[in-house]
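Survey of secondary and tertiary structure
Listed below, chain by chain, are the residues.
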Amino acid sequence: MTKQLHLRRTQITGFVMEYLVFVTILVLVIVTAIVQPNFSTAQNFTNLMRQFGPLSFVALGMTFIIIGGFIDLSVPGIISLVAIITLSLVDTIGEVGAMLVGLALGAVMGCLNGVILVVSGASTQAKALFITFGMSQLYGAAALLYTSGTSMNRTFINHPMPVTSALGQGMVGFLSLSFVVFLCFLFVLYIFQSRTALGRSINYTGGNIVAAELSGIPTKRIMVLIYAICGFMAAVSAIVLFSRVTVTTPTVGANFERDAIMAVVVGGTSLLGGKGSVLRTMMGVSLVVLMSNCMNLLGVQTHLQEVLRGLILVTAIWLDHRRHR
């Protein structure tokens, strides 16, 4: 009888820990809808989808980094530099050309991160943390130097920007265009992760990099690849971000790495590497965006919101270690 109770308790605990994010989202939606009627309006639903955009793209890229057993703190610098350079090139080479340059720049900066890690022999998450933090400072400084520390106003651009306007305000049925773009990237990256040998190799590398090397997996190429993906997705995020606002600053990417890591870990991707999914990351992003939206509607002070985000991140890391135990 005691063994049965213990088994049942273990099963219940495992179920709650596995699906905690779904339960939390459900409770958050129900409570906020009751307390704040504006939460259930069509306008707020549209706002939620638009808020979903910038963070969701970064989180998708960060998912591959963490599954691979590494971390990337260079995201703020990449977003800031890509946003500034892309916007500054619109009058020179046109809107689409500027966006293509921005996407290429993001991928190149991501590749550079991966190459530096490979060359320096950084094969652990701790080493990657410090190196990518340094690269973020470098990219952020480049953005500040490029603009002399000033902001760039989109309304001062002489070239028409229909694509940017569509990304920021366009709708496809009842869904925002930026959310539809996210769903397309989610589908492509899910197929890549689950249906290709290269995608599965990322999991093997994060699970045990030594065993992966002995199995013939090109772990160094995998490192460069996942950082290139993360850099590219950060560039997409930068474009979607400045499509929502009229002013872009050299520090516009601040704190995106924190929220992205929180969304990935809350979604169930292990910080130890080797386990995770872009689909679960979508749930993590949903929780982070919903939490921010709900706290704003309920009038929670900004400083208290930061405290709650920190508590959620700490709790997610603790639960991640519990799952492994």
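Up top is the structure these notes are about.
Our focus in this paragraph is the side chain of Ser136. Tracing the sequence through the fold places Ser136 in helix α6 (residues 125-147). Accessibility expressed as a relative area gives 8% for Ser136, which makes it buried. Apart from the residues within four sequence positions on either side, Ser136 is in contact with Leu73, Ser74, Pro76 and Gly77.

In terms of nonpolar packing, the biggest core is built from 88 residues, with Met62, Phe64, Val75, Ile79 and Ile226 touching the most fellow members. The greatest single-element share of this core, amounting to 15 residues, is contributed by helix α11 (residues 219-244). Not counting residues within four places of it along the chain, the set of residues in contact with Val75 comprises Val58, Met62, Cys230, Ala234, Phe256 and Glu257.

Residue position: His159 is located in the loop between β1 (152-153) and α7 (162-169). Since its relative accessible area comes to 31%, His159 is described here as partly exposed. It is 9.4 Å that separates the C-alpha atoms of His159 and Ile93, two residues lying 66 residues apart in sequence. Apart from residues no more than four positions distant in its own chain, His159 is found in contact with Val90, Asp91, Gly94 and Glu95.

What follows is about the packing of aromatic side chains. Under the definition given, this model contains 7 aromatic pairs. With centroids separated by 6.3 Å and ring planes inclined at 55°, the aromatic side chains of Phe185 and Phe232 adopt a geometry described as tilted. Of this pair, Phe185 sits in helix α8 (residues 177-195) while Phe232 sits in helix α11, and the two are 47 residues apart along the sequence. Judged by relative accessible area, which is 22%, Phe185 ranks as partly exposed. By the ring-pair criterion, three or more aromatic residues cluster together here, those being Phe57, Phe179, Phe182, Phe185 and Phe232.

On to the state of the cysteines, then. Taken as a whole and assessed by the stated rule, the structure comprises 0 disulfides. With no disulfide of its own, Cys111 has Cys230 as its nearest cysteine by sulfur position, at a separation of 12 Å.

Below, the discussion takes up α6. Counting along an α-helix, one turn takes 3.6 residues, and residues three or four places apart therefore face a common direction. Given a rise of 1.5 Å per residue, 23 residues ought to cover 33 Å, and the 33 Å separating the end C-alpha atoms of α6 matches this to within 8%. For α6, the set of buried residues is Ala128, Thr132, Met135, Ser136, Tyr139, Gly140, Ala143 and Thr147. Those residues of α6 hidden inside the fold are in contact with α4 (75-93), α5 (95-120), β1 and α11. Downstream of α6 by one or two residues, Ser148 has phi in the positive range, about 60°.

Rules and cut-offs
- Residues numbered from 1 in each chain as written.
- Predicted model: local features only at pLDDT ≥ 70, side-chain atom pairs only at ≥ 80, totals over all residues.
- Heavy atoms only, no water.
- Helix = DSSP H or I, 4+ residues; strand = E, 2+ residues; numbered from the N terminus.
- Buried < 20%, exposed > 50% of the residue type's maximum accessible area, 1.4 Å probe, protein only.
- Contact = heavy atoms within 4.5 Å.
- Core = buried A, V, L, I, M, F, W, Y, C linked by side-chain atoms within 4.5 Å.
- Phe/Tyr/Trp six-rings, centres within 6.5 Å; stacked < 30°, edge-to-face > 60°.
- Disulfide = S-S within 2.5 Å.
- Expected span 1.5 Å × (residues − 1).

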